[in-house]
Amino acid sequence: KVALASFCRSGNTYMRNLLEQISGLYTGSDMQLDLSCPFTTSLYDAGMQGEGIVDDRVWIVKTHFPELDRLELPFDAQKAIILVRNPFDVIDSYFNMGATGSHSKSISDKEYERFAQHWDNFIAEKSEMWAAFHQFWLNAKIPTFIVRYEDLRQNPQSTMTDVFKFLLGTNEFTSSGLQTNIEAYFGDQERKQTIYKPRVGSILKSLPRYSRAQVKTILKNGEKEIEMLGYLSDCFLKQVDVKVTCGSEIKKAVKQGEYFKGANQKALDQACSAMSLSARSIVINDEDTCKVPEDNYYSVVMNEIRPFVEIVQK
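Because the structure is a prediction, the values reported are computed rather than measured.

A. Broad picture of the sheet that holds strand β1 (residues 2-6). One open sheet holds the five strands; their spatial order is β2-β3-β1-β5-β7, and the pairing between them is parallel. The sheet is open, and its two borders are formed by β2 (28-29) and β7 (144-148), each paired with just one other strand. Both β1 and strand β5 (residues 79-84) contribute to a ladder of five bridges, which runs parallel. Residue pairing in the sheet places Ala5 in a bridge with Ile82 of β5.

B. A look at the packing of helix α1 (residues 12-23) against helix α7 (residues 156-168). Two elements in contact, α1 and α7, have axes whose closest approach is 12 Å; the angle formed by their N-to-C orientations is 70°. Taken together, α1 and α7 sit at an angle that is classed as roughly perpendicular. The segment α1 lies against α7, with Met15, Leu18, Leu19, Ile22 and Ser23 engaging Met160, Val163, Phe164 and Leu167. Its residues assigned to classes, the contact of α1 with α7 comprises eight nonpolar, one polar and no charged.

C. Structural context of the side chain of Glu51. Mapped onto the elements of the fold, Glu51 is located in the loop between α2 (38-45) and β3 (60-63). Of the residues examined, Glu51 reaches a relative accessible area of 5% and is grouped as buried. Polar side-chain contacts of Glu51 include one of 2.5 Å to the side chain of Arg16.

D. Structural view of the packing of helix α3 (residues 87-100) against helix α9 (residues 212-221). Remark: α3 packs on α9, axes separated minimally by 11 Å, with the N-to-C direction vectors making an angle of 110°. If you check the angle between α3 and α9, you find them roughly perpendicular. The crossing of α3 and α9 is right-handed. Residues Pro87, Phe88 and Ile91 of α3 form the contact with α9, whose own contacting residues are Val215, Ile218 and Leu219. Each residue belonging to the contact of α3 with α9 can be placed in one class, and the counts come to six nonpolar, no polar and no charged.

E. Local environment of the environment of Gln179. In this fold, Gln179 is placed in helix α8 (residues 176-186). In sequence terms Gln179 and Met160 are 19 residues apart; their C-alpha atoms lie 9.9 Å from each other. Residues contacting Gln179, with those up to four places away along its chain left out, are Thr161 and Phe173.

F. Inspection of the nonpolar core at higher detail. Among the nonpolar cores identified, the biggest contains 54 residues, and Phe88, Phe95, Trp119, Trp137, Tyr210 and Ile284 are the most heavily contacted of them. Listing elements by their share of this core, those giving two or more residues are β1, β4 (75-77), β5, α3, α5 (116-138), α9, α10 (223-228) and β8 (282-284). Of all the elements, α5 adds the most residues to this core, at 10 residues. Setting aside residues up to four positions removed in sequence, Trp119 forms contacts with Ile91, Asp92, Phe95, Tyr112, Arg209, Tyr210 and Gln214. With 26 residues, the next largest nonpolar core counts Ile60, Phe145, Leu178 and Ala267 among its residues.

G. Summary view of unusual backbone geometry. In this model, Phe65 is joined to Pro66 through a cis peptide bond whose omega is 5°. Here Pro66 shows up in the loop between β3 and β4. Of note, Arg9 is a non-glycine position whose phi angle comes to about 75°, a positive value. Note on placement: Arg9 falls in the loop between β1 and α1. For Arg9, a relative accessible area of 13% translates into the label buried. Its identity as a non-glycine residue notwithstanding, Leu204 has a phi of 65°, on the positive side. Of the residues examined, Leu204 reaches a relative accessible area of 7% and is grouped as buried.

H. Structural view of the packing of aromatic side chains. In this structure the tally under the stated criterion is 14 aromatic pairs. On the basis of an interplanar angle of 65° and a centroid distance of 5.2 Å, the ring pair of Phe95 and Phe122 is categorised as edge-to-face. Placement of Phe95 in helix α3 and of Phe122 in helix α5 is noted, with a sequence separation of 27 residues between them. When its relative accessible area of 1% is taken as the criterion, Phe95 is described as buried. Each ring, one from Trp119 and one from Tyr210, has its centre 5.2 Å from the other, and the planes form 45°; the classification is tilted. Residue Trp119 is found in helix α5, and its partner Tyr210 is found in the loop between α8 and α9; the two are separated by 91 residues along the sequence. Considered together, Trp119 and Tyr210 belong to a single accessibility category, that of buried residues. In textbook terms, an aromatic cluster arises when at least three aromatic residues are bridged by ring pairs, as seen for Phe7, Phe88, Tyr94, Phe95, Tyr112, Trp119, Phe122, Phe133 and Tyr210.

What counts and what doesn't
- Residues numbered from 1 in each chain as written.
- Predicted model: local features only at pLDDT ≥ 70, side-chain atom pairs only at ≥ 80, totals over all residues.
- Heavy atoms only, no water.
- Pairing = 2+ DSSP bridges.
- Helix = DSSP H or I, 4+ residues; strand = E, 2+ residues; numbered from the N terminus.
- Axes fitted to C-alpha atoms, helices over the stretch in contact; angles between N-to-C directions.
- Parallel < 35°, antiparallel > 145°, perpendicular 65-115°, else oblique.
- Contact = heavy atoms within 4.5 Å.
- Nonpolar A, V, L, I, M, F, W, Y, C, P; charged D, E, K, R; others polar.
- Buried < 20%, exposed > 50% of the residue type's maximum accessible area, 1.4 Å probe, protein only.
- Polar contact = N/O pair within 3.5 Å; in protein donor to acceptor, adjacent residues only side chain to side chain.
- Left-handed = near helix turned anticlockwise from the far one by under 90°.
- Core = buried A, V, L, I, M, F, W, Y, C linked by side-chain atoms within 4.5 Å.
- Phe/Tyr/Trp six-rings, centres within 6.5 Å; stacked < 30°, edge-to-face > 60°.

By themselves these figures say nothing about function.
Following this line, the structure appears as structure tokens:
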């Protein structure tokens with residue numbers, strides 16, 4: 001069983017769509033469906049038939065564990081794909097989801113000023129949660145393959161090729177069938193993104209909504225994880241326009257994008273070893289597993305902001 005883990009709003013559904021379209025297999029999800037709550041059934045209604053399934057009917061199971069584990073279904077995972085996204089775009093997208101009650105709608109820019117204190121508190125809480133979530137998965141004791149959302153959007157074909165090599169536990173495809181599927185999918189514009197329409201937004205488009213102090217808060221709370229995931233490149237730092245001094249011994253390798261590349265090669269080597277896979281597993285949604293900081297402010301956004309915001313995009 002493979003866990004497809006991500007912090008909320010990191011592109012998990014976009015990734016699931018790619019996996020399903022290329023492989024022809026439904027992906028599962030650990031979220032229990034509640035027919036009285038349209039939010040929990042929206043993806044199922046959109047065509048993702050594996051929602052709420054974690055048993056042997058599915059191979060890959062979406063999870064936001066350990067960020068969310070209160071109502072989710074437990075399952076054992078022998079491998080994991082961790083889908084990551086820079087914290088600036090994640091936190092902004094998360095705020096929009098809480099404020100609109102939708103996966104795909106957005107609030108107007110003026111609402112960030114109108115609810116400035118809520119926005120500031122949300123940033124502080126979510127940046128801590130983002131860091132703790134990724135710290136958990138970067139230290140997971142099972143083969144864990146890192147996929148950056150930014151790479152998935154900019155170089156989808158090569159990224160998905162690497163993902164399927166990890167899934168199949170091979171350094172190269174022994175059959176041309178899957179490679180043909182990948183090439184065919186990305187060559188067919190009409191098939192792309194048929195299940196789920198994400199919020200419109202380019203990489204780091206959210207940055208103007210953050211003050212310099214808020215940017216520093218995010219970098220401070222998640223400095224190590226941001227480094228390890230390659231988000232302290234010269235290009236990235238130039239865009240956030242904040243000078244960051246990091247004392248980590250891995251900084252040089254990280255800035256060259258070598259840390260997670262090396263981690264992925266290690267994960268691929270482990271995935272190719274049947275002995276490695278049979279030796280370990282982790283229980284997803286285990287109550288005794290390390291948790292991220294408690295989520296207190298999302299409900300505040302839902303209750304105190306959602307009834308009053310102006311929605312500008314559907």
